[in-house]
Amino acid sequence: MEHWNFTLGSGFILIGILNDSFSPELICATVTVLYMLALASNGFLLLAITMDARLHVPMYLLLGQLSLMDLLFTSVVTPKAFVDYLLSENTISFGGCAFQMFLALTVGGAEDLLLAFMAYDRYVAICHPLNYMVLMRPRVCWLMVATSWVLASLSALGHTLYTMHFPFCMSQEISHLLCEIPPLLKLACADTSRHELMVYVTGVTFLLLPLSAIVSSYTLILLTVLHMPSNEGRRKALVTCSSHLTVVGMFYGAATFMYVLPSSLHSPKQDNIISVFYTIVTPALNPLIYSLRNKEVMGALRRVLGKHIL
């Protein structure tokens, strides 16, 4: 079989959910609304955290980074998918595919690690409140943020280079919303079993270790909350933690399906739905989950927007 993409000039055809659904117009309109919602909600949350001095505390610094990651994640995928649908042009160059994969893996990996650091932040705030500003001082917070970005980018670079070095001869069509490792490996005409094992091991490491840290943190938090004498303190702690746990559940559920479950359990249609969920739906919902039940964030939004409007 002829190898067709040994050169960087060759490319792929993305067959995403907008091109492979029973009602592409409805799906396109829904995706557009969700993307606008993601831009607006994450943008406003970042604005409030940046402009309001009352939110210049570790918890909101990490939350601001989460909003930034969500903005980047959805912007790596959605605008291209939308333009491709409108122009009926679904091609992506070899280099563009590699770049999109690198960005998606970097932002997704950074968010994965950041969620674990956010769980640790809640653990310190609830279980060790007197030492909170020492254990979560600004230098520590920025170290957490830098660690998330650096480790994720290094892992993404390794996976991208190794995935794109394969010869692809099965087809030019990627049955997926974006360039990701599982659907691309299906197009390779070489033995990918070693790389699939590496993807699995990295997926387990990047997902299950942070998830274990999150579960441990919230187990300790729950034990502390149950012994709180104040009903108000208990309620406030549970509200804050429930928002984070909701986001964790959505993110880790989708990521585990894509990168931990065996490839035999995947189908193109399922993968497309899952990819829409974690690249478009989750970034739109995350800021709403964190802000709607948080009086401090809502108050900051009113103050910031009030100043700019008036």
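Definitions and limits used
- All residue numbers refer to position in the chain's written sequence, counted from 1.
- Given that the model is predicted, a residue must reach a pLDDT of at least 70 before its local features are reported, and side-chain atom pairs must reach 80 or more before they are shown or counted; all residues, however, enter totals for whole chains, interfaces and linings.
- Only heavy atoms go into the side-chain values, all of them from the structure, while hydrogens and water stay out.
- The criterion for strand pairing is that DSSP finds at least two bridges linking the strands in question.
- Comment: elements are numbered from the N terminus, with helices defined as DSSP H or I runs of at least four residues and strands as E runs of at least two.
- For this text, the term disulfide refers to a pair of cysteine sulfurs within 2.5 Å.
- What pLDDT conveys is the predictor's confidence in a given residue, as a value from 0 to 100.
- Note on contacts: a residue pair is in contact if any heavy atoms of the two residues lie within 4.5 Å.
- Cavities and pockets were defined on a 1 Å grid built from protein atoms only: a cavity is a group of points that admits a 1.4 Å probe but offers it no way out, a pocket is an open group of points flanked by protein on both sides within 12 Å along at least five of seven lines, and a lining residue is one with an atom within 4 Å of any such point.
- Grid points are joined across faces, edges and corners, and a volume is the space filled by probe spheres set on the points.
- Throughout this entry, Asp, Glu, Lys and Arg are counted as charged residues, while Ala, Val, Leu, Ile, Met, Phe, Trp, Tyr, Cys and Pro are counted as nonpolar. The remaining residues, Gly among them, count as polar.
- To pair, rings of Phe, Tyr and Trp, with the six-membered ring standing in for Trp, must have centres within 6.5 Å; the planes then decide the type, stacked if under 30 degrees apart, edge-to-face if over 60, and tilted in the middle.
- The buried label goes to any residue with under 20% of its type's maximum accessible area, the exposed label to any with over 50%, and the partly exposed label to all in between, with areas taken from a 1.4 Å probe on protein chains only.
- Helices are assigned an expected span. That span is 1.5 Å times one less than the residue count.
- A residue's bend is the angle separating two fitted axes: one through the seven residues that end there, the other through the seven that start there.
- Under the rule applied, a polar contact is a pair of N or O atoms within 3.5 Å (in protein, one hydrogen donor and one hydrogen acceptor; residues adjacent in sequence only if both atoms are side-chain atoms).

This brings us to the pairing of strand 1 (residues 11-14). Here three bridges tie strand 1 to strand 2 (residues 91-93), and the two strands are oriented antiparallel to one another. Paired with Phe12 across the two strands is Ile92, which belongs to strand 2. Relative to strand 3 (residues 173-174), strand 1 runs parallel, the two sharing two bridges. Within strand 3, the residue paired with Leu14 across the bridge is Ile174.

Moving on, we get to the state of the cysteines. Here the structure, examined in full by the defined rule, presents one disulfide. In this model Cys97 forms its disulfide with Cys179; the gap between the sulfur atoms is 2.1 Å. Judged by the torsion about the S-S bond (-120 degrees), the Cys97/Cys179 disulfide is left-handed. Linking Cys97 in helix 3 (residues 94-127) with Cys179 in the loop between strand 3 and helix 6 (181-185), this pair joins segments that are 82 residues apart in sequence.

Our next topic: the confidence of the model for the protein chain. Residues at a pLDDT of 70 or more form 91% of the protein chain, whose mean pLDDT is 84. Confidence, expressed as mean pLDDT per element, reaches its minimum in the protein chain at helix 10 (residues 295-309) with 77 and its maximum at helix 5 (residues 138-164) with 94. Overall, residues 1-8 carries pLDDT values under 50, and its contacts beyond four positions in sequence, including any with other chains, amount to 24 contacts.

Let's shift gears to the layout of surface pockets. Here the largest pocket defines a volume of roughly 560 Å³. Taken together, 23 residues form the lining of the largest pocket, with Tyr60, Lys236, Thr240, Asn294 and Glu296 sitting closest to its centre. Looking at the lining of the largest pocket, the elements that each hand over two or more residues are helix 2 (58-87), helix 3, helix 8 (231-259) and helix 10.

What the rule picks out here adds up to three cavities of 30 Å³ or more. The calculated volume of the largest cavity comes to roughly 350 Å³. Lining the largest cavity are 22 residues, and of these Leu105, Gly108, Gly109, Leu207 and Tyr259 sit closest to its centre. Considered class by class, the residues forming the lining of the largest cavity number 14 nonpolar, six polar and two charged.

Okay, the packing of aromatic side chains next. By the definition in use, this model includes six aromatic pairs. Seen in terms of ring centroids, Phe251 and Tyr252 are 5.5 Å apart; in terms of plane orientation they differ by 80 degrees. Their pairing is edge-to-face. You'll find Phe251 and Tyr252 in the same group, each marked buried. The structure contains a cluster of three or more aromatic residues connected by ring pairs, namely Phe12, Phe94 and Phe168.

The end-to-end C-alpha distance of helix 9 (residues 268-291), which contains 24 residues, comes to 34 Å, matching closely the 34 Å that a straight helix rising 1.5 Å per residue would cover. Of all bends in helix 9, the biggest is about 45 degrees, found at Thr282, and the proline Pro283 comes one to four residues later. Summarising burial for helix 9: 17 of the 24 residues are buried, a large majority.

Its location among the elements puts Thr106 in helix 3. At a separation of 2.8 Å, a polar atom in the side chain of Thr106 contacts the main-chain carbonyl oxygen of Phe102. If we ignore the near neighbours within four places in the chain, the residues touching Thr106 are Trp149, Ala152, Ser153 and Ala156.

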